[in-house]
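What follows is each chain in one-letter form.
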Amino acid sequence: MRKTLYLKLILAYIIFGLFGFVVVATFVSDMTINHLTKEKADALYREATLIANTYATDLYNTEVSLETVKTQLDALDTYLNATIWIINPSGRMILDSSAPVDVENEVVVENFDPTITAGSYYTVGDFFRTFDEEMLSVFAPITSGYKVKGYVVIHASLGSIQTETNQLLNISYIMLLILFLLSLIILIFFTEMVYIPLRKITEATEQYASGNMHYEFSVESEDEMGYLAATLSYMASEIARSEDDQKKFVANVSHDFRSPLTSIEGYLKAMLDGTIPPEMYEKYLNIVLNETSRLTKLTNSLLTLNNLNTKGIMLNKTDFEINAVIRNVAATFEGTCRQKMIGIELILTGDEMYVVADVDKIQQVLYNLLDNAIKFSHHDSLIKIETTEKHNKIFISVKDTGIGIPKEDLKLIWNRFYKSDLSRGKDKKGTGLGLSITKEVIQAHGENINVISTEGVGTEFIFSLPKSEMEDDD
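In this report, the structure presented in the accompanying data block is examined. (Residues numbered from 1 in each chain as written. Predicted model: local features only at pLDDT ≥ 70, side-chain atom pairs only at ≥ 80, totals over all residues. Heavy atoms only, no water.)

Thoughts on the overall build of the protein
When its secondary structure is counted, the protein shows twelve helices and twelve strands. Overall, the protein is about 160 × 65 × 35 Å in size when its C-alpha atoms are taken along their principal axes. Excluding contacts between residues fewer than 6 apart, the proportion of contacts in the protein whose partners are at least 24 apart in sequence is 67%. For the protein, the exposed surface amounts to about 28100 Å²; the carbon and sulfur share of it is 56%. The averaged location of the 64 negative side-chain charges in the protein is 13 Å from the averaged location of its 42 positive side-chain charges. (Helix = DSSP H or I, 4+ residues; strand = E, 2+ residues; numbered from the N terminus. Contact = heavy atoms within 4.5 Å. Areas by Shrake-Rupley, 256 points an atom, 1.4 Å probe, with all protein chains shown as cover. Lys, Arg positive; Asp, Glu negative; His and termini not counted. Charge placed at Lys NZ, Arg CZ, Asp CG, Glu CD.)

Here is the structure:
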């Protein structure tokens with residue numbers, strides 16, 4: 001945008017003013033003078049017709065004297081501010097209101113032709129070179145016995161019409177100026193409501209384009225411009241948050257990879273340089289093996305998340321019996337539970353409970369939730385896995401009596417690589433990705449997962465799955 005948009009608006013505003021002036025000076029001027037000329041001609045024609053039907057006819061019928069008619073014409077001359085003629089068809093002047101009666105000196109209008117009006121009743125010009133200025137001349141025939149005896153011709157100067165035209169044009173110019181000034185309101189409105197916010201938005205986009213996603217701006221408006229600014233600001237904040245998450249993600253990945261690698265490297269060097277005697281090799285090789293398992297688990301989790309981000313979760317939904325899956329997953333943790341003396345209680349609704357979902361993905365969800373529950377449970381404690389049916393949905397609950405999750409951490413546990421301070425001492429092999437994967441799998445099914453936890457009391461995860469119609473059909 002730079003400054004071109006505003007300059008274009010100013011230029012358009014100036015062109016509007018100039019164009020308005022040109023229109024008034026040309027088209028409006030011509031229309032006004034034509035209208036006033038026609039109006040003046042109509043008025044004079046009515047007077048000429050009246051004179052032709054009265055005084056002039058009586059004069060030709062010798063009912064009144066020449067002096068009497070001259071007196072009447074002089075009075076009308078003053079009233080109309082116009083020259084009145086009575087003229088023969090040959091062009092010989094009978095009476096002229098602007099000159100005294102002179103019977104001896106005959107005045108003849110050379111080349112007089114009453115058809116000069118070309119079918120109208122008036123003409124504009126010098127009237128056969130009689131006048132030195134432009135005149136409006138109106139014809140009215142004098143008839144007697146169905147014959148044209150002569151004409152009443154009234155001449156009015158166009159100067160008076162031009163003066164009146166100029167007065168009306170002055171009013172038009174004043175109105176144009178007022179309109180031009182009033183249109184400044186539109187320019188000011190555009191400046192305040194469009195241009196200034198747009199300039200702020202442009203400046204913000206330049207800042208964001210240069211990488212400054214923390215640049216803040218505001219547009220106090222509730223229209224589309226304000227909505228655009230708010231959307232742009234929100235987009236930038238989301239990108240900034242995404243960048244921060246990305247930096248944190250890289251830092252966490254680096255930390256989680258570096259720790260086991262450092263441990264592996266340290267133990268292997270100690271074994272090579274003899275710091276660790278051969279009889280201790282088995283112990284430390286098991287530690288190295290555990291660290292490599294941790295790296296493998298972390299890598300697999302990262303690959304899973306990458307597939308979720310790039311392709312989304314491709315679900316292979318089938319009808320399967322959820323209670324059987326829960327029993328199988330619980331059985332895989334039998335050895336771990338025996339070591340920590342943890343019991344798993346299954347409270348399953350019905351002998352068989354069918355759901356519609358991706359069995360492999362749901363098995364992974366149950367594994368992640370049960371694995372977490374065992375990690376953060378105390379010795380000699382109990383974990384409950386329960387299924388309930390409500391509104392054609394199956395709700396699965398995994399509840400432990402472990403260390404719990406602090407209230408301020410409940411909204412953060414779904415973030416990748418997040419580990420609460422309470423879990424860091426216990427979750428040595430955790431990657432911080434299990435719950436993130438779990439939530440994305442459940443949401444891909446169009447369902448929800450919630451957590452209820454009290455620090456020092458325990459944690460319960462509850463998620464839903466759609467019930468299968470297979471059981472109803474049976």
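Considering the sheet that holds strand β9 (residues 382–390)
Taken together, the five strands give an open sheet; going across it, the order is β7-β9-β10-β12-β11, and neighbouring strands pair in mixed fashion. Edge positions in the open sheet fall to β7 (343–347) and β11 (449–454), since each of these has one partner strand only. Across the sheet, the mean angle from the axis of one strand to that of its neighbour is 15°, orientation sign disregarded. Inspection of the sheet shows strand β10 (residues 393–400) paired to strand β12 (residues 458–466) by eight bridges, in the antiparallel sense. Within the sheet, the bridge partner assigned to Ile 396 lies in β12 and is Phe 463. Here helix α7 (residues 322–332) sits on the sheet in contact with β7, β9, β10 and β12, set at roughly 175° to β7. (Pairing = 2+ DSSP bridges. Axes fitted to C-alpha atoms, helices over the stretch in contact; angles between N-to-C directions.)

Quick notes on a negative patch on the surface
Together, Asp 126, Asp 132, Glu 133 and Glu 134 line one region of the surface with negative charge. Residue position: Glu 133 is located in the loop between β3 (122–125) and β4 (135–144). (Patch = residues over 30% accessible without salt bridge, like charges linked within 9 Å, V, L, I, M, F, W, Y side chains within 5 Å. Salt bridge = Lys/Arg side-chain N within 4 Å of Asp/Glu carboxyl O.)

Here's the deal with α7
Within an α-helix, residues lying three or four positions from one another point in the same direction, as the helix has 3.6 residues per turn. Within the span of α7, buried status applies to Ile 322, Asn 323, Val 325, Ile 326, Val 329 and Ala 330. For α7, the arc enclosing every buried residue in end-on projection is 160°, short of the 170-degree limit, so these residues lie on one face. Two to three positions downstream of the cap, the backbone nitrogen of Asn 323 sits 3.0 Å from a side-chain oxygen, assigning the N-cap of α7 to Glu 321. (Buried < 20%, exposed > 50% of the residue type's maximum accessible area, 1.4 Å probe, protein only. Arc of directions from axis to C-beta. Polar contact = N/O pair within 3.5 Å; in protein donor to acceptor, adjacent residues only side chain to side chain.)

Here's the deal with the environment of Asn 316
Looking at where Asn 316 falls in the secondary structure, it is placed in the loop between α6 (281–311) and β6 (318–321). Along the chain, Asn 316 and Phe 128 lie 188 residues apart, while their C-alpha atoms are 105 Å from each other. In this view, Asn 316 contacts Ala 357 and Asp 358; residues no more than four positions away in its chain are not counted.

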